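Residue-level structure breakdown
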Amino acid sequence: MYVAVKGGETAILNSYRLLDRQRRGDTALAELSVDQIREQLKLAVDRVMTEGSVYDPELAALAIKQASGDLVEAIFLLRAYRATLPRLGTTLPIDTGRMQPERRISATFKDLPGGQLLGPTYDYTQRLLDFALLAEGGVNTPPAEGRAVSEPVPRVVDLLNHEGLIERREPPQGDPAPTDLTREPLRFPANRATRLQNLARGDEGFLLAMAYSTQRGYAHSHPFVGELRLGQVEVVVEPEELGFAVSIGDIEITECEMVNQFAGSKTEPPAFTRGYGLAFGHCERKAMAMSLVDRALRADELDEAVVSPAQDPEFVLSHSDSLEASGFVQHLKLPHYVDFQAELALVRQMRAEALAQPRLDEDTPA
Amino acid sequence: MNARTDDDLLQPSEATAGVNFAYLDERTKRMIRRAILKAVAIPGHQVPFGSREMPLPYGWGTGGIQVTAAILGRDDTLKVIDQGSDDTVNAVNIRRFFQRTAGVATTTRTPEASVIQTRHRIPETPLREGQVIVYQVPVPEPMQRLEPRETETRTLHALAEYGLMHVKLYEDIARHGHIATTYDYPVMVNGRYLMAPSPIPKFDNPKMHMNPALQLFGAGREKRIYAVPPYTTVESLAFDDHPFEVQRWDTPCALCGATDTFLDEVITDDKGGRLHVCSDSDHCQERQAAGHTGAGA
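In this text, all values refer to a predicted model and were calculated from it rather than measured experimentally.

1. A few points about the overall build of chain B
Regarding its fold elements, chain B presents 7 helices and 12 strands. For 297 residues, the compact-globule estimate of 2.2 N^0.38 gives 19 Å, and chain B sits close to it at 20 Å. Summarising its shape, the C-alpha atoms of chain B cover approximately 60 × 50 × 35 Å along the three principal directions. When each of the 297 residues of chain B is scored for burial, the buried share is 51%. By sequence separation, contacts in chain B at least 24 residues apart represent 63% of the contacts at least 6 residues apart.

Structural data, given as structure tokens:
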């Protein structure tokens, strides 16, 4: 005899327990601490902070631990945490020109004021598995040699600006406050500030693929890394009741200015245009992909033909968010008995109709 | 729907320490209520709202949860169904969410509920005045599959230009001899707006028409709210020579013998054995309690 399905609640509680055990793994091994994740999985923490839109390495590390290392799930945890937090105020724009860089490279000039500073990067590692890391106890690496940059270095785009070779983008009249996408729904057409906000929260993998497509002919892109920099910048607020600016701390950011060739339009002489990328912490792949996609999305503004997905704001911005994409793709796991039943009846009906019709001879050439 | 007033704005809830009553903060609820009021004032029109990132994933009912959270009051009795049943895991999970965060009374009985959150069904028991049914909506735009651009569909709605959908249904008839849409079947609300009824089977569409209950629709991922106020016309699209029809089954419910309900097909063995049972589990159990039986009971 058939009995209607019951016991969903017990199943859910049991799945929590199984998940806890899966996360903990072999209890003979020491438990991973949030501090260890924060200090030793920095790049994962930085990605979770960037796409989770919260600058808090400890909470990001906690989210990574809770999500068993699934970064998209960790981003989800952080976003859900931040959703109902009160807004205390707005900072002044950060001044990345005053950054003390830990890393700063330009692909457009061999040398430039402030110099090239390689800093910590996997770029020139030879990707051989380092079996020394298998051994516990760790290695004491001596500190890096060479000069440390102790003063701010000028931005490359500012250097090009002196010649008028690169577009200037002054803040619009009155410098209106940007839309807060966490409070207002995304509407089209979306201005650049809104687009950049969406891209900053966007999934790194999605933006990477979109950026890559612009390099393979799906958009007209001739990019150069004008500058990529990593370092600490000061965060400043100016509370209304005080009337003067107060520094509330430093955050680490990655900034990318991508320089693109631009042939000019009816109203603009030929010049270089810019694409912009910014991320919390050390997220170079993200910042670079973001800057390429930002530039591609300016096609309409620059009178370029919109022919590729990466140039189409509705296509890019509606599909960049990992929470939205992951949620909707995975909702297919939810029961769909009712809709499937409706489709089942329809397909049976259509099959019956098709079989009732005189059949075409199978040998008839198509 | 006994929503809280300004007096208890920002008052902490005793149900879960550190979490506001029904999870959302009061300012967010206000924003959602404004969207709901606008939606009620323009039946069938999609109102954008600042959908929040909920602790449940997008696509799993976050729109419905936000609407429910915004209208829920302490005296409400909540029923949550998914696929017509109170016992499916997603329904259980959402009900638990509101038990934990709002501490409201819950029920599985349709007549006892003041707020019903649903995914993919409308209960078989007719709703009454004063009840609110909240639909979880995955895709609020009925024409999205025909025209994915929101900028375009917005214009089509503004002009009440729905030829696109009529052509789609016509092409169905030309190809198959009948309309090949079985769920999320498009409806015209109040003679003005084309609306997605959410993926309910078209079997349920007639229940929306002139319903005494308030029908609210929440799409969290797509950030839209829309509504059908009580006693509003809801017509399923059709043609004069191809009138709208709902699904019918040859067999009655195996458990309660009902012949007028939406049935789920259940596979009972690996030899082609099948049973048909009511998808609305509460309705089916009530009928069984009243002495009705089916062949499989």
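Read on, since the account is not over.
2. So, the nonpolar core
With 71 residues, the main nonpolar core has Ile36, Leu72, Ile225 and Cys253 of chain B as its most contacted residues. Excluding its chain neighbours within four sequence positions, the residues that come into contact with Cys253 of chain B are Ala258, Thr261, Leu263, His276, Val277, Cys278, Cys284 and Gly294 of chain B. Counting residues in hydrophobic clusters, the runner-up holds 54 residues, among them Ile75, Leu278, Met288 and Val293 of chain A.

3. Section: the environment of Ala295 of chain B
Looking at the element boundaries, Ala295 of chain B is found in the segment after helix H7 (281-289). For the pair Ala295 of chain B and Tyr135 of chain B, spaced 160 residues apart in sequence, the C-alpha to C-alpha distance is 33 Å.

4. Points about the environment of Ile94 of chain A
Residue and element names in this part refer to chain A. Position of Ile94 relative to the elements: it lies in the loop between helix H5 (71-83) and strand S1 (100-105). Residue classification places Ile94 among the partly exposed positions, given that 17 C-beta atoms sit within 10 Å. Apart from residues no more than four positions distant in its own chain, Ile94 is found in contact with Val233 and Val235.

5. Observations regarding the pairing of strand S5 (residues 132-136) of chain B
Each regular strand displays side chains that alternate between the two surfaces of the sheet. Residue and element names in this part refer to chain B. Most of S5 sits out of view: 5 of its 5 residues are buried. Side chains of S5 alternate between two faces, with Val132, Val134 and Gln136 and Ile133 and Tyr135 buried alike. Both strand S4 (residues 115-119) and S5 contribute to a ladder of 4 bridges, which runs parallel. Within S5, the position partnered with Val115 by the bridge is Val132.

6. Considerations on unusual backbone geometry
Across the junction of Phe188 of chain A and Pro189 of chain A, the peptide omega takes the value -5°, indicating a cis bond. Assignment of secondary structure puts Pro189 of chain A in the loop between helix H6 (156-161) and helix H7 (192-201). Residues other than glycine seldom take positive phi values, yet Ala22 of chain B does so here, at roughly 60°. Among the residues examined, Ala22 of chain B registers 28 C-beta atoms within 10 Å and is labelled buried.

7. Describing the packing of helix H1 (residues 26-41) of chain B against helix H2 (residues 62-71) of chain B
Residues and elements named next belong to chain B. Relative to each other, H1 and H2 sit at 100°, their axes nearing to 9 Å. With respect to H2, the axis of H1 lies roughly perpendicular. Taken together, the residues of H2 that come into contact with H1 (itself represented by Lys29, Ile32, Arg33 and Ile36) are Gln66, Val67, Ala69 and Ala70. A per-class count over the contact of H1 with H2 returns 5 nonpolar, 1 polar and 2 charged.

8. Things to note about the confidence of the model for chain B
All names here are of chain B. For chain B, per-residue confidence averages 92 on the pLDDT scale, and residues scoring 70 or more make up 94% of the total. Below pLDDT 50 for its whole length, residues 4-15 participates in 11 contacts with residues either more than four positions away or in separate chains. As scored by the predictor, the complex reaches a pTM of 0.90 and an ipTM of 0.86.

9. With respect to the sheet that holds strand S4 (residues 271-280) of chain A
Residue and element names in this part refer to chain A. What the 4 strands build is an open sheet, ordered S1-S2-S3-S4; its pairing is antiparallel. Looking at strand neighbours, the two that pair on one side only are S1 and S4, the edges of this open sheet. Within the sheet, the average angular offset between the axes of one strand and its neighbour, ignoring direction, is 20°. Relative to strand S3 (residues 246-262), strand S2 (residues 223-237) is paired through 14 bridges, and the arrangement is antiparallel. Residue pairing for S3: Arg229 is matched across the bridge by Glu255. The strands touched by helix H9 (residues 284-296) within the sheet are S2, S3 and S4, with S4 carrying the most contacts at an inclination of about 140°.

10. What about the sheet that holds strand S9 (residues 224-228) of chain B?
Residue and element names in this part refer to chain B. Taken in spatial order, the 7 strands make up an open sheet running S1-S9-S8-S5-S4-S2-S3, and their pairing is mixed. The open sheet has two edge strands with one neighbour each: strand S1 (47-48) and strand S3 (105-106). Here S1 pairs with S9 via 2 bridges, running antiparallel. Bridge pairing in S9 links Val47 to Ile225.

11. Some remarks on the interface of chain B and chain A
Contact residues are listed per partner, giving 51 residues for chain B and 39 residues for chain A. For the side of chain B that touches chain A, the secondary structure elements donating two or more residues are helix H3 (89-102), helix H4 (150-158), strand S11 (263-267) and strand S12 (274-278) of chain B. Per element, the largest residue contribution to the side of chain B that touches chain A is 5 residues, and it comes from H3 of chain B. By residue class, the composition of the side of chain B that touches chain A is 19 nonpolar, 19 polar and 13 charged.

Calculation notes
- Residues numbered from 1 in each chain as written.
- Chains lettered and ligands numbered in written order.
- Predicted model: local features only at pLDDT ≥ 70, side-chain atom pairs only at ≥ 80, totals over all residues.
- Helix = DSSP H or I, 4+ residues; strand = E, 2+ residues; numbered from the N terminus.
- Rg over C-alpha atoms; globule rule 2.2 N^0.38 Å.
- Buried ≥ 20, exposed ≤ 12 C-beta atoms within 10 Å, placed from the backbone.
- Contact = placed C-beta atoms within 7 Å.
- Core = buried A, V, L, I, M, F, W, Y, C linked by C-beta atoms within 7 Å.
- Pairing = 2+ DSSP bridges.
- Axes fitted to C-alpha atoms, helices over the stretch in contact; angles between N-to-C directions.
- Parallel < 35°, antiparallel > 145°, perpendicular 65-115°, else oblique.
- Nonpolar A, V, L, I, M, F, W, Y, C, P; charged D, E, K, R; others polar.
- pLDDT = per-residue confidence, 0-100.

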